[in-house]
Amino acid sequence: MNDQPLISIIVPVYNVEKYVGACIDSILNQSYKNLELVLVDDGSTDRSGEICDDYARQNSNIKVIHQTTGGPSVSRNVGIDAMNGKYVVFVDSDDVIHFETIAFLYNLLIDNNADISTISLASFNNNEKLPRVNANSKIKIYEPGKKAVKSMLYQRGYIDNSPCGKLFKVSLFRHYRFPEGVLYEDLATIPLICLYAKKIVTSTATMYFYRAHLTSILGEFSLQRYDVLDVADDLVSYMKQHQKSLVSAAQSRKFSANMNILYLMIGNGIENEKIIARCWENIKKLRKSIILNPRVRIKNKIGALLSYIGLSLLLKLFAQLKIKSNRYKY
């Protein structure tokens, strides 16, 4: 253990009294032992904070921070300021990780002399056992990190913009922190952090499990989802100024964000003429380049082609698609 570098695990905690114990247990049971667990209680109104304190009293490597509610970005940033590790992992408080997750991520990073290592995520719900761990994994190396960012923004390959399921060198967070008060803080942050990585290694090994809560479609939709439109705009602007070779990839992600918001609004019966007009203008501006770009995923190309039927028909199509998907879902 003495020759293992300290790895910090940051867990934002908010009103998850039913699940936080399982999350903490999965971290404490890791085969990699030199861990520091930073639990940031984000103003929970249930027993989540008390549960965290109970664990801290029994485990000297757990640090609990209580704060007024600020959201996951604030919690992660507070955790970053308080941690002492050389490496950092982010885990959400209703998720669990396989007992070999941290060791796997660390060895993957060290063996490949990388700055970031990643694994795959799988969902589970309260009524089922965890999915089986995928032992026969594929490994892909991105060198430099901006190659990973290109794959991430095109939404293809083995890497996504979630902070979870990744091991980072702490030094990468000297440049950026998670923007506060933004729902899509991961999309706003992780691509930019990855740009500073000299090498990123990814594995398809499934060792991180996120809980899929069973909620209504209306419950899943929040007006704060509109944040993704601003985040996507900012990504395109950033790439135009600093990484011109990634502009097309950022535009592809922007197109995807605008189509998705339009679909979610119609599917959830939300009528906001200003947002609809904004999405439609962006879709029209980008659709030709989306169709002509061979790197763009098929889903985006289909959306771009469908947009030529016009806004009115596209909205009617989205409404019908949502009705059919609801029938199958429920």
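Description of the structure in this document.

Scoring rules and cut-offs
- Residues numbered from 1 in each chain as written.
- Predicted model: local features only at pLDDT ≥ 70, side-chain atom pairs only at ≥ 80, totals over all residues.
- Heavy atoms only, no water.
- Core = buried A, V, L, I, M, F, W, Y, C linked by side-chain atoms within 4.5 Å.
- Buried < 20%, exposed > 50% of the residue type's maximum accessible area, 1.4 Å probe, protein only.
- Helix = DSSP H or I, 4+ residues; strand = E, 2+ residues; numbered from the N terminus.
- Axes fitted to C-alpha atoms, helices over the stretch in contact; angles between N-to-C directions.
- Parallel < 35°, antiparallel > 145°, perpendicular 65-115°, else oblique.
- Left-handed = near helix turned anticlockwise from the far one by under 90°.
- Contact = heavy atoms within 4.5 Å.
- Pairing = 2+ DSSP bridges.
- Arc of directions from axis to C-beta.
- Salt bridge = Lys/Arg side-chain N within 4 Å of Asp/Glu carboxyl O.

**What to know about the nonpolar core**
Then, in step 1: Core analysis: the largest hydrophobic core is formed by 62 residues, its most contacted members being Phe-168 and Met-239.
Then, in step 2: In terms of residue count, helix H9 (residues 247-267) provides more of this core than any other element does, 10 residues in total.
Then, in step 3: Counting residues in each nonpolar core, the second largest holds 36 residues, with Ile-24, Val-91, Leu-108 and Ala-205 among its members.

**What about the packing of helix H10 (residues 273-292) against helix H11 (residues 298-306)?**
Then, in step 1: Remark: H10 packs on H11, axes separated minimally by 9 Å, with the N-to-C direction vectors making an angle of 130°. The pairing of H10 with H11 is recorded here as oblique in orientation. With respect to the hand of their crossing, H10 and H11 are arranged in left-handed fashion. Between H10 and H11, the residues in contact are Arg-287, Ile-290, Ile-291 and Leu-292 and Asn-300, Lys-301, Ala-304 and Leu-305, respectively.

**Description of the pairing of strand S6 (residues 116-124)**
Then, in step 1: Among the nine residues that make up S6, seven are buried, leaving the element largely enclosed by the rest of the structure.
Then, in step 2: For S6 and strand S8 (residues 166-169), the ladder comprises three bridges, and the chain directions are antiparallel. The partner of Thr-118 across the bridge, within S8, is Lys-166.
Then, in step 3: As defined by bridge partners, S6 adjoins strand S9 (residues 200-211) across eight bridges and the pair is classed as parallel. In the sheet register, Ile-116 faces S9, and the bridge partner there is Ile-200.

**A short note on H11**
Then, in step 1: Along H11, the residues classified as buried are Asn-300, Lys-301, Gly-303 and Ala-304. For H11, the buried positions fall inside an angular range of 160° around the axis, keeping them on one side. Exposed residues lying more than 90 degrees from the buried face of H11 are Ile-298, Lys-299 and Leu-305.
Then, in step 2: Residues of H11 that are buried in the fold lie against H9 and H10.

**Quick notes on the pattern of salt bridges**
Then, in step 1: Under the criterion given, the structure shown has 11 salt bridges.
Then, in step 2: With a closest N to O distance of 2.8 Å, Asp-230 and Arg-278 form a salt bridge. Remark: Arg-278 occurs in helix H10 and Asp-230 occurs in helix H8 (residues 227-242); sequence separation between them is 48 residues.
Then, in step 3: Residue Arg-278 is joined to Asp-233 by a salt bridge in which the shortest nitrogen-to-oxygen separation is 2.9 Å. On the criterion of sequence distance, the pair formed by Arg-278 in helix H10 and Asp-233 in helix H8 is long-range, its members being 45 residues apart.
Then, in step 4: Through salt bridges with shared partners, a single ionic network connects Asp-230, Asp-233, Lys-254 and Arg-278.

All we've got here are geometric facts, nothing functional implied.
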